[in-house]
Amino acid sequence: MQSGFALIEAGAVRAKNVTNILIKNLLDACVGALVYWACGFAFAFGEYSSYSYANRFIGHKHFFLSYPDYKSPSIDNYPVRVFHGGSFYGEFFFNFVFAATATTIISGALAERVEFGAYLVYGIIASGFIQPVTVHWAWSNGWLVYPPESLKLPPAVWYRDYAGGGNVHAVGGIAALVSCIFIGPRLGRFSAKTGEKVHIPGHSTPLTCLGAFILFIGFLSMVLGHGQSVAQGVTNLTLGGAASGLTSMMIVNLEPKVVDWWKYTIRSNSIKAGMVSMCAGCDVLEPWGAVIIGIIVGFAFYYVEHFLIHMKVDDPVGSVAVHLVGGVIGVLLAPVFAKKEHEYSWIHWKGCDYDCVSDSVNSTCLYSTSFAGDASEGKRALHPNWQNGDCLYTPFHQFAWQLVGILAILSWTIVCCIPLFFLLWKLRVLRVDADTEVRGIDIAYHGEPAYPIAAQGHGWDNEGEFSVSNLADGKTGGGRRDVKALLNPHEAESWEGMNPEAGLVALAIAYREKYYKNPYANGICDGMEATIAPTLVLSTEF
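Residues numbered from 1 in each chain as written. Predicted model: local features only at pLDDT ≥ 70, side-chain atom pairs only at ≥ 80, totals over all residues. Heavy atoms only, no water.

Caption draft 1: Region of the structure containing the overall build of the protein chain. Scanning the protein chain from N- to C-terminus turns up 16 helices and zero strands. Evaluated residue by residue, the protein chain yields a buried proportion of 49% over its 542 residues. Across the protein chain, every contact between residues at least 6 apart in sequence was considered, and the portion connecting residues at least 24 apart equals 73%. Only carbon and sulfur atoms are counted for the fraction: they give 63% of the accessible area of the protein chain, which is about 25,500 Å². (Helix = DSSP H or I, 4+ residues; strand = E, 2+ residues; numbered from the N terminus. Buried < 20%, exposed > 50% of the residue type's maximum accessible area, 1.4 Å probe, protein only. Contact = heavy atoms within 4.5 Å. Areas by Shrake-Rupley, 256 points an atom, 1.4 Å probe, with all protein chains shown as cover.)

Caption draft 2: Molecular detail of the environment of Glu196. Residue position: Glu196 is located in the loop between α5 (165-183) and α6 (205-224). What makes Glu196 exposed here is its relative accessible area of 54%. For the pair Glu196 and Lys312, spaced 116 residues apart in sequence, the C-alpha separation works out to 9.0 Å. Ignoring anything within four residues of it in the chain, the contact list for Glu196 reads Arg189, Phe190 and Ser191.

Caption draft 3: Representation of the UniProt feature "transmembrane region" (unreviewed entry) in the protein chain. The sites that carry the UniProt feature "transmembrane region" (unreviewed entry) are, in the present numbering, residues 26-46, 92-111, 118-139, 162-184, 205-224, 287-304, 316-338 and 399-425. Counting secondary structure, residues 92-111 comes out at 90% helix and 0% strand; the distance between its end C-alpha atoms is 29 Å. Annotated as residues 205-224, this span is 100% helix and 0% strand, and its ends, taken at the C-alpha atoms, are 29 Å apart. (UniProt positions renumbered as here; feature names shortened; annotations may be inferred.)

Caption draft 4: Seen up close, the side chain of Ser107. Along the chain, the position of Ser107 falls in helix α3 (residues 88-109). With near-sequence residues (within four places) excluded, Ser107 lies in contact with Glu9, Ile21, Lys24, Asp28 and Tyr122.

Caption draft 5: Structural detail: the state of the cysteines. Counted under the stated rule, the structure contains two disulfides. With a sulfur-sulfur separation of 2.0 Å, Cys352 is cross-linked through a disulfide to Cys391. Negative torsions about the S-S bond denote left-handed disulfides, and the value of about -80° found for Cys352 with Cys391 makes this one left-handed. One end of the pair, Cys352, is in the loop between α10 (319-333) and α11 (394-426); the other, Cys391, is in the loop between α10 and α11, with 39 residues separating them in the sequence. Residue Cys356 pairs covalently with Cys365 via a disulfide, S to S 1.8 Å. (Disulfide = S-S within 2.5 Å.)

Caption draft 6: Molecular detail of unusual backbone geometry. Phi at Glu112 is positive, roughly 80°, even though this residue is not glycine. Considering the arrangement of structural elements, one finds Glu112 in the loop between α3 and α4 (116-139). Even without being a glycine, Arg428 presents a positive backbone phi close to 60°. For Arg428, the position within the fold is in the loop between α11 and α12 (434-439).

Caption draft 7: Region of interest: the confidence of the model for the protein chain. The pLDDT averaged across the protein chain works out to 81; a share of 75% of its residues lies at or above 70. This stretch, residues 49-54, has a pLDDT under 50; its non-local contacts, to residues over four places away or in other chains, come to nine contacts. Every residue in residues 257-266 is under pLDDT 50, and counting partners more than four places away or in other chains gives 17 contacts. (pLDDT = per-residue confidence, 0-100.)

Caption draft 8: Geometry of the packing of aromatic side chains. What the rule picks out here adds up to 31 aromatic pairs. Here the aromatic rings of Phe43 and Phe129 are separated by 5.9 Å at their centres, their planes lie at 80°, and the arrangement is edge-to-face. On the criterion of sequence distance, the pair formed by Phe43 in helix α2 (residues 18-45) and Phe129 in helix α4 is long-range, its members being 86 residues apart. Centroid distance Trp349 to Phe396: 5.0 Å. Interplanar angle 90°. Geometry classified as edge-to-face. (Phe/Tyr/Trp six-rings, centres within 6.5 Å; stacked < 30°, edge-to-face > 60°.)

Caption draft 9: Quick peek at the packing of α2 against α4. Two numbers describe how α2 lies on α4: the axes approach to 8 Å, and their chain directions differ by 40°. Here α2 lies oblique to α4, going by the angle between them. Helix-helix and strand crossings are classified by hand; for α2 and α4 the assignment is right-handed. Across the contact of α2 with α4, the residue classes break down as 17 nonpolar, seven polar and two charged. (Axes fitted to C-alpha atoms, helices over the stretch in contact; angles between N-to-C directions. Parallel < 35°, antiparallel > 145°, perpendicular 65-115°, else oblique. Left-handed = near helix turned anticlockwise from the far one by under 90°. Nonpolar A, V, L, I, M, F, W, Y, C, P; charged D, E, K, R; others polar.)

Caption draft 10: Representation of α3 in the model. If you check α3, its first and last C-alpha atoms are 33 Å apart, about what 22 residues at 1.5 Å a residue would give, namely 32 Å. For α3, the buried fraction is high: 17 of the 22 residues fall into the buried class. (Expected span 1.5 Å × (residues − 1).)

Caption draft 11: Quick look at a nonpolar patch on the surface. Residues Trp288, Ile292, Ile296, Trp346, Ile347, Tyr393 and Phe396 make up a contiguous nonpolar surface patch of roughly 610 Å² in combined accessible area. Examining the composition of the nonpolar patch, we find that three residues originate from one element, helix α9 (residues 287-310), more than from any other. On the secondary structure map, Ile296 appears in helix α9. (Patch = residues over 30% accessible without salt bridge, like charges linked within 9 Å, V, L, I, M, F, W, Y side chains within 5 Å. Salt bridge = Lys/Arg side-chain N within 4 Å of Asp/Glu carboxyl O.)

Caption draft 12: Local environment of the side chain of Ser358. Looking at where Ser358 falls in the secondary structure, it is placed in the loop between α10 and α11. Setting aside residues no more than four positions away along its own chain, Ser358 makes contact with Ser363, Cys365, Tyr367, Ser368, Thr369, Asn388 and Gly389.

Caption draft 13: Spotlight on the pattern of salt bridges. Applying the stated criterion to the full structure yields seven salt bridges. Put simply, Arg14 and Glu112 hold a salt bridge, and the shortest N to O gap is 3.0 Å. You can see Arg14 sitting in the loop between α1 (2-12) and α2 and its partner Glu112 sitting in the loop between α3 and α4, a full 98 residues away along the chain. A single network of salt bridges, built from pairs that share partners, joins Arg14, Glu112, Arg186, Arg189 and Asp314.

Caption draft 14: Structural detail: the environment of Gly4. Looking at where Gly4 falls in the secondary structure, it is placed in helix α1. Put simply, Gly4 and Gly211 are 207 residues apart on the chain and 4.2 Å apart in space, counted from C-alpha to C-alpha. Those residues within four positions of Gly4 in sequence are excluded, and the remaining contacts are Gly211, Ile214 and Leu215.

Caption draft 15: Geometry of the packing of α5 against α11. Running from N to C, α5 and α11 point in directions that differ by 35°, and their axes come no closer than 9 Å. In terms of crossing hand, the pair formed by α5 and α11 is right-handed. Contacts between α5 and α11 involve Gly166, Asn167, Ala170, Val171, Ile174, Ala175, Val178, Ser179 and Phe182 from the first element and Ile406, Ile409, Leu410, Thr413, Ile414, Cys417, Ile418, Phe421, Phe422 and Trp425 from the second. Considered class by class, the residues forming the contact of α5 with α11 number 15 nonpolar, four polar and no charged.

Caption draft 16: Representation of the environment of Gly184 within the structure. Mapped onto the elements, Gly184 comes out in the loop between α5 and α6. As a C-alpha pair, Gly184 and Val313 span 129 residues in sequence and 7.0 Å in three-dimensional space.

Caption draft 17: Examining α11 more closely. Its 33 residues give α11 an end-to-end C-alpha distance of 48 Å, which sits within 8% of 48 Å, the value for a rise of 1.5 Å per residue. Looking at the residues trailing α11, positive phi occurs at Arg428, about 60°.

Written out as structure tokens, the structure reads:
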């Protein structure tokens with residue numbers, strides 16, 4: 001995960017800030033590991049043998065990985081609802097990576113302008129406190145995975161998020177949005193006169209593409225590490241990501257007025273959004289349901305990204321749209337398209353004749369009022385207020401509880417992030433100064449560019465048959481090539497006749513005039529000039 005994020009973010013920023021973004025990704029792992037060791041794991045997975053109001057919200061055991069007698073978080077008279085098959089230290093490592101991922105999402109959104117000290121502050125708080133609390137709610141024995149019985153929810157209803165669509169990706173996405181609002185856009189991102197967006201290209205599309213492939217492997221590992229429904233999980237993850245990526249690409253191709261920037265970046269980002277949407281329910285989804293969710297996320301990602309730009313929210317790597325949109329949609333739609341063996345599946349609901357309470361032995365109802373609860377069956381005793389013949393409406397309660405869960409997670413993150421980033425902004429330590437931002441953070445803060453000019457070049461006079469001295473005969477002024485030289489650089493004549501002040505388009509027009517028949521000559525086009533203007537003025541907005 002960290003390798004993929006590092007490459008994607010490095011390719012998406014300008015060369016003057018690559019060292020800075022790589023160091024931050026490296027520190028996400030280093031700082032995150034120590035913080036999660038100190039307190040994050042304790043807040044997320046404190047061990048309990050009973051259920052009380054004190055531990056519904058946050059854990060408070062295993063600080064500094066003390067008392068390594070870890071057991072799956074559970075509650076008396078309840079089955080274990082979230083699978084934890086690893087050892088104590090295995091659980092720590094696996095979940096530390098999730099916490100580091102949430103922090104990295106914020107880092108990408110603030111790229112090219114955030115102060116290094118501010119990054120360390122929010123990184124520590126996000127990975128050590130904000131994200132672990134949501135993990136306790138959803139993956140340990142918190143109130144989302146074990147809802148209060150006073151709510152009278154059906155036995156099969158509890159918050160379901162298999163691989164962190166909500167408590168990892170949505171947490172990182174909403175935190176990134178809050179941080180972007182406080183820090184503001186990069187200098188030059190929006191025109192000071194008209195307010196129109198100005199394209200700031202990343203320096204390496206190959207790095208971004210390679211990072212997307214590596215991140216794909218990271219997403220698969222998030223599924224494999226849980227150890228349940230592995231084959232189904234990786235299948236749905238692949239299908240959802242592919243469907244989302246192709247959907248966004250089709251939207252781009254069908255809307256030719258979209259700025260060129262979208263054509264180069266939206267594809268890999270939308271694939272990530274599709275994979276994020278699979279995290280919540282990839283273990284239970286119908287494969288065709290995964291494709292439908294991927295298509296929905298592809299549309300949502302595209303238009304949310306446009307809306308953010310319209311609102312002048314500058315997110316250089318698309319963290320908000322990828323992780324917030326994918327995470328929220330995935331959490332909400334997971335129970336809708338679940339397979340038919342899951343009684344909370346919306347599309348396979350059999351109606352009240354099946355989803356009901358009855359004491360009859362021959363009844364098709366799932367539960368009886370006398371059922372005492374059997375952990376091996378994954379069920380518990382019914383609420384005492386349920387009566388014989390009651391319809392449970394399990395799928396609808398499940399969707400409602402998913403909605404409650406994701407809103408609670410988003411609200412918690414917002415409540416924590418607003419004072420954090422407000423304080424950093426108020427103290428003027430959130431953003432680098434304008435001079436450093438324009439000239440680049442690498443040299444000012446790290447003293448090392450990613451691509452030092454002094455390290456380029458070599459000590460040989462030529463490069464074999466491609467040597468400029470072999471191609472130029474002194475007529476072109478320094479051996480600069482024209483368009484023909486791009487096609488066949490081995491012949492010296494290809495370097496002749498170049499206008500050193502012209503751009504590639506001007507060279508193409510000159511090449512056409514030199515080597516192709518002029519359609520305006522010899523009276524072919526009467527009333528028109530026989531020649532085309534030899535010069536071409538290129539606007540800066542081309």
